[in-house]
Amino acid sequence: MDMNVNKKVIDFAAKHRISVLTTLLDNGNPHSASMHYAFSANSLSFVFLTERESRKCKHFTEGKKYPASLVIGFSEEEWVQFQMEGEIYLIKDKKELDEAWKIYAEKFVGMDKWKDSKTDVLLKFVPKWWKYSEFKPEPPKIISSEN
């Protein structure tokens, strides 16, 4: 994600909690799941807590990055959406894992109880392309990594 991201986009990502994450399964088929996330404004990345054996990540190997997409915003009241494409990976590095748990626990108080779980892991999504759209104003407001 470009470091010159509009404050409106950062605030939107930080405010929300639920997304739709799409990853590729080991057979190459896409798999989408609604996921709670914690957003790091410092690293402009997203952290997810999931079970190690979940369909979305059971084939992840240490250190390998996988293509993924993420969508936030599907409220008919708000009419704002944030679409992203990028890479996702299983966090294994101790320092990075500690920081990710801190970010996740700040967003979801009490969830750090899963930190020592043998069955749960944290995933990190780093956008490479993104598009933020507000459909209520006339004309609609579109902000993109391509602008």
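The coordinates are above.
In this text, all values refer to a predicted model and were calculated from it rather than measured experimentally.

## Some words on helix H2 (residues 94-107)
No. 1: In this model, H2 (14 residues) spans 20 Å end to end at C-alpha, consistent with the 20 Å of a helix rising 1.5 Å per residue.
No. 2: Taken together, the buried positions of H2 are occupied by Ala 100, Trp 101, Ile 103, Tyr 104, Ala 105 and Lys 107.
No. 3: If you check the start of H2, you find a side-chain oxygen 3.3 Å away from the backbone N of Lys 95, and it comes from Asp 93.

## Things to note about the layout of surface pockets
No. 1: By volume, the largest pocket amounts to about 240 Å³.
No. 2: Elements represented by at least two residues in the lining of the largest pocket include exactly H2 and strand E7 (120-134).
No. 3: Along the lines of polarity and charge, the residues of the lining of the largest pocket split into seven nonpolar, one polar and seven charged.
No. 4: Estimated volume of the second largest pocket: approximately 170 Å³.
No. 5: Lining the second largest pocket are Ala 14, Ala 38, Phe 39, Ser 40, Ala 41, Asn 42, Glu 99, Lys 102, Ile 103, Glu 106 and Lys 107.
No. 6: Within the residue set of the lining of the second largest pocket, elements represented by two or more residues are strand E3 (38-40) and H2.
No. 7: Top element by residues in the lining of the second largest pocket is H2. It accounts for five residues.
No. 8: Residues that form the lining of the second largest pocket fall into these classes: five nonpolar, two polar and four charged.

What counts as what
Residues numbered from 1 in each chain as written. Predicted model: local features only at pLDDT ≥ 70, side-chain atom pairs only at ≥ 80, totals over all residues. Heavy atoms only, no water. Helix = DSSP H or I, 4+ residues; strand = E, 2+ residues; numbered from the N terminus. Expected span 1.5 Å × (residues − 1). Buried < 20%, exposed > 50% of the residue type's maximum accessible area, 1.4 Å probe, protein only. Polar contact = N/O pair within 3.5 Å; in protein donor to acceptor, adjacent residues only side chain to side chain. 1 Å grid on protein atoms, 1.4 Å probe; cavity = no way out; pocket = protein on both sides within 12 Å on 5 of 7 lines; lining within 4 Å. Points joined across faces, edges and corners; volume = space filled by probe spheres on them. Nonpolar A, V, L, I, M, F, W, Y, C, P; charged D, E, K, R; others polar.

Worth remembering: the numbers are spatial, not functional.
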